[in-house]
Structures are given as C-alpha cells and as structure tokens.
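Listed below are the residues making up each chain.
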Amino acid sequence: MRGSYGQFCPIAMATEVLCARWTPLLIRELLCGSTRFNDLRRGVPRMSPTLLSKRLTELEKAGVVYTREIAKGTKEYRLTPAGQELRPLIMGMGAWGQRWVESELSLNNLDPELLIWDMHRGLKIEPLPERRVCLQFVFLNLPEHRQNYWLLADPNSGVEACYVDPGLDVDLYAACSLRTMTAIWMGLLTVQKAIHHGQLELTGTQEIATQMQDWLGLSPFASIERQAG
C-alpha cells in the first residue's frame with residue numbers, strides 16, 4: 001500500500017487510517033455533531049472541498065464513517081461504532097494540546113470563521129433572555145470585510161452562526177481583537193479581565209453583557225490546567 005508503514009503493529013495500522021492530513025480534525029467535527037458536507041467545511045475552513053470529499057471517502061472505506069441519503073442529492077455523514085470509539089482518543093489529543101502546547105503557539109493560529117463556528121456550538125442559551133437574541137462580534141484588528149460575525153440564539157431553534165449581516169436588531173456588540181476572543185474561548189483569559197484591561201468592549205443590553213462569561217460556552221478543553229507557558 002502506498003504510504004504504508006509496512007508494519008503489523010496495530011498502532012502503525014491505525015495511524016495509516018487516522019493520521020492523514022486533516023483527518024483527525026474531520027473526525028473531531030463529526031464527533032461534535034456536524035453531519036452535512038457544508039457544516040463539516042465550516043469546521044475545517046482551510047481544507048479544500050476536493051480534499052474533504054476524498055477524506056470522507058477514505059474514512060467510509062475504512063469503516064469509520066457511513067453515509068445516509070436524507071434527500072435527493074443530499075447526504076449525511078455519520079460515525080460508525082468504530083468511529084465513535086475514537087472519541088476518547090481525539091478528546092485526549094485535545095486535552096494534551098491544551099495542557100502541553102504553549103499558549104503563544106496556539107494563539108498564532110487564528111481563524112475568525114472557525115472561532116465563530118466553535119462558539120456557536122458551545123453557546124449556552126439558558127442564561128440569555130427567553131427570546132431570540134442577536135450577538136455581534138467585531139474583530140477590530142482584521143480587514144473591514146472580515147471584522148463582523150453574528151450569533152443568533154433562539155430558545156426554540158437553537159444557535160446559528162452568521163457570516164453576513166442577518167439584518168436584525170443587535171442585542172450586544174462585543175468589540176475586541178480576534179486574539180482576545182480566541183484567548184477567552186480557550187480559557188486563557190476571562191471576560192472580566194479582558195474588559196478590565198481594555199481588551200474587550202461590550203455595548204448593548206446590560207443583562208446580556210454581565211452574563212457573557214456564563215453564556216459564552218468555552219472550549220471543551222478550557223478547564224484543563226496548563227503545564228506549558
């Protein structure tokens with residue numbers, strides 16, 4: 001097999017299936033609940049559609065993923081029992097990265113689309129008012145055409161990430177650098193500290209602003225104690 005380690009060791013054989021470029025991140029997205037092709041792309045925005053399709057086909061052949069047609073021409077991608085068994089492995093890699101990779105290195109890899117997509121998955125609706133809420137995030141250090149993103153939280157329909165203006169009244173504006181919001185989401189910085197040091201400015205409904213740390217919904221690895229700098 002081209003690219004094979006040529007070893008009978010189960011670690012080598014598993015690595016051949018799981019460690020191609022982007023594959024662990026694609027499995028992460030499937031474990032997080034993404035099932036549609038476009039939603040998977042949101043979680044790996046720098047992966048080309050062609051390569052994404054290729055990796056999904058490889059995982060299906062390996063018995064990690066199966067497909068299900070939900071409408072004519074529309075497929076869902078879901079993990080098989082073998083794929084679900086990868087959860088502790090993938091989450092363990094994330095925990096290791098949070099604990100041992102220097103935060104400065106992590107904060108050099110910034111991506112506003114990926115951050116908003118992750119934030120939309122983690123946002124907690126319960127602390128917000130019992131109505132549709134529009135939250136706008138403005139990343140002041142980015143070019144103007146990439147500064148603005150929105151999260152819509154609705155107790156009936158859930159949370160939606162918007163990359164173009166949804167045309168709704170905004171309940172809260174959060175203005176900061178992309179680095180600051182990424183650090184908050186990763187658990188490296190709190191909302192209160194960011195405001196105190198002038199790194200984050202909140203404008204809008206006071207009730208929503210004061211509870212931002214509660215509704216934001218941090219990275220699943222944010223609570224892991226760091227050993228690296």
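In this text the structure is predicted, and so the values were computed from the model without any measurement. Residue numbers here run from 1 along each chain, matching the order of that chain's written sequence. A pLDDT threshold of at least 70 governs which residues receive local features in this predicted model, and a stricter bar of 80 or more applies before side-chain atom pairs are shown or counted, although totals over entire chains, interfaces and linings include all residues. Water and hydrogen atoms play no part in the side-chain values, which are based on all heavy atoms of the structure.

Visitor: Describe the packing of helix H2 (residues 23-31) against helix H4 (residues 49-61), and please don't skip the residues or the numbers.
Guide: Axis angles are defined between N-to-C directions and span 0 to 180 degrees, where every axis is a line fitted to C-alpha atoms and, for a helix, only to the segment in contact. A run of H or I in DSSP becomes a helix once it reaches four residues, and a run of E becomes a strand once it reaches two; helices and strands are each numbered from the N terminus. As a packed pair, H2 and H4 sit with axes 11 Å apart at the nearest point and diverge in direction by 80°. The orientation of H2 with respect to H4, classified from their angle, is roughly perpendicular. Between H2, through Thr 23, Leu 26 and Ile 27, and H4, the contact on the second element is made entirely by Leu 52, Arg 55, Leu 56 and Leu 59. By the convention adopted, Pro, Cys, Tyr, Trp, Phe, Met, Ile, Leu, Val and Ala count as nonpolar, Lys, Arg, Asp and Glu as charged, and the other residues, Gly among them, as polar. Residue composition of the contact of H2 with H4, by class: five nonpolar, one polar and one charged. Should an angle fall under 35 degrees it is taken as roughly parallel, and over 145 as roughly antiparallel, whereas 65 to 115 is taken as roughly perpendicular and any remaining angle as oblique. Only heavy atoms enter the contact rule, under which two residues are in contact if any of them lie within 4.5 Å.

Visitor: Now, about unusual backbone geometry: what can you tell me, with residues and values included?
Guide: The phi dihedral of Trp 22 falls on the positive side, at around 80°, and the residue is not glycine. Per-residue accessibility, obtained with a 1.4 Å probe over protein chains only, is compared with the maximum for each type, and a residue is labelled buried under 20%, exposed over 50%, and partly exposed between these values. Trp 22 sits in the buried class, given a relative accessible area of 18%.

Visitor: So what's going on with H4? Residues and values would help.
Guide: Residues lying three or four places apart along an α-helix face the same way, a consequence of the helix completing one turn every 3.6 residues. Helix length check: H4, at 13 residues, gives a terminal C-alpha distance of 18 Å against a target of 18 Å (1.5 Å per residue), a fit within 8%. What H4 keeps buried is the set Leu 52, Arg 55, Leu 56 and Leu 59. Buried residues of H4, viewed axially, fall in a sector of 100°; they line one side. Residues Thr 50 and Lys 61 are exposed on H4 and point more than 90 degrees away from its buried face. In the core, the buried residues of H4 are packed alongside helix H1 (10-18), H2, helix H3 (37-43), strand E1 (65-71) and strand E2 (74-79). A positive backbone phi angle near 80° is found at Gly 63, which sits one or two residues after H4. To estimate how far a helix should reach, multiply one less than its number of residues by 1.5 Å. Note: the arc covers the axis-to-C-beta directions of the helix.

Visitor: Tell me about the environment of Gln 227, residues and numbers included.
Guide: As for its placement among the helices and strands, Gln 227 is situated in the segment after helix H12 (212-215). Once residues lying within four places of it in the same chain are set aside, the contact partners of Gln 227 are Arg 99 and Trp 100.

Visitor: Tell me what's going on with the nonpolar core, and back it up with residues and numbers.
Guide: Soluble globular proteins tend to pack their nonpolar side chains together in the buried interior. Here, nonpolar core refers to any group of buried Ala, Val, Leu, Ile, Met, Phe, Trp, Tyr and Cys residues whose side-chain atoms link them within 4.5 Å. Phe 137, Phe 139, Met 181 and Trp 215 are the most contacted members of the largest nonpolar core, which totals 36 residues. Ranked by size, the runner-up nonpolar core spans 18 residues in total, among them Leu 18, Leu 26, Val 44 and Val 65.

Visitor: Any details on the pattern of salt bridges? Residues and values, ideally.
Guide: One speaks of a salt bridge when a side-chain nitrogen belonging to Lys or Arg is within 4 Å of a carboxyl oxygen belonging to Asp or Glu. What the rule picks out here adds up to nine salt bridges. Between Arg 28 and Glu 29 there is a salt bridge; the shortest N-O distance is 2.9 Å. Ionic pairing is found between Glu 76 and Arg 78, a salt bridge with its closest N-O pair at 3.1 Å. Taking the relative accessible area as the measure of exposure, Glu 76 reaches 8% and is therefore buried. For Arg 78, a relative accessible area of 32% gives the class partly exposed. Several salt bridges converge on common partners, so that one network encompasses Arg 28, Glu 29, Asp 118 and Arg 121.

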